[in-house]
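The lines below spell out each chain.
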Amino acid sequence: VQLQAYGGGLVQAGGSLRLSCAASGSTFGSYGMGWFRQALGKEREFVAAISWSGASTYYADYVKGRFTISRDNAKNTVYLHMNSLKLEDTAVYYCAATLTRWGPALGKADEYSYWGQGTLVTVSS
């Protein structure tokens, strides 16, 4: 599967942004999907994940209550709705796909075999 992330940009602190990740192929609904991010000079970290059906979602503590992950299998797209953005949310955001369909393992980057190119989110004061 090939992934294309988009929707990043410059936003003020407290604002909102929606990222999208479009996937190629007819088996999108078979994959667990995740969002990760990497800030300048820092390691990549988990943000959110969603099971193959969308029934289960998983969040890192630092985005819980502010970010929402969702997917539309008919459109081969996964979304990350980001609200109440903070300066520390500035990073390149990557979407990823895994054959692991559900479960806590979706929070681990090593679980993912397919990665998009990343989209930059910059939160300004």
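Residues numbered from 1 in each chain as written. Predicted model: local features only at pLDDT ≥ 70, side-chain atom pairs only at ≥ 80, totals over all residues. Heavy atoms only, no water.

Visitor: Just checking my understanding: could you explain the nonpolar core for this structure?
Guide: Within soluble globular proteins, side chains that are nonpolar tend to cluster in buried spots. Counting 35 residues, the largest nonpolar core has Met33, Trp35, Leu80, Met82 and Tyr93 as the members making the most contacts within it. At the level of elements, strand E1 (3–6), strand E3 (17–23), strand E4 (32–38), strand E5 (45–50), strand E7 (67–72), strand E8 (77–82), strand E9 (91–98) and strand E11 (119–124) are the ones that each hand at least two residues to this core. If near-sequence neighbours (up to four positions away) are discounted, Leu80 is found in contact with Leu17, Arg18, Leu19, Trp35, Val47, Ala48, Phe67, Thr68, Ile69 and Tyr93. (Core = buried A, V, L, I, M, F, W, Y, C linked by side-chain atoms within 4.5 Å. Buried < 20%, exposed > 50% of the residue type's maximum accessible area, 1.4 Å probe, protein only. Helix = DSSP H or I, 4+ residues; strand = E, 2+ residues; numbered from the N terminus. Contact = heavy atoms within 4.5 Å.)

Visitor: Explanation requested: the environment of Leu106 in the structure shown.
Guide: With respect to the secondary-structure elements, Leu106 resides in the loop between E9 and strand E10 (114–115). What makes Leu106 buried here is its relative accessible area of 0%. Not counting the four nearest positions on each side in its chain, Leu106 is found in contact with Gly32, Phe36, Phe46, Ala49, Ile50, Ser51, Tyr58, Thr98, Thr100, Arg101 and Tyr112.

Visitor: What should I look at first to understand unusual backbone geometry in this one?
Guide: Residues other than glycine predominantly adopt negative phi, and peptide bonds predominantly adopt the trans conformation. At Asn76, a residue that is not glycine, the phi angle is positive and equals roughly 55°. Counting through the fold element by element, Asn76 comes out in the loop between E7 and E8. At Ser84, a position not held by glycine, the phi torsion is positive, near 50°. Turning to its location among the elements, Ser84 is positioned in the loop between E8 and E9. Here Ser84 falls in the partly exposed class, since its relative accessible area comes to 40%.

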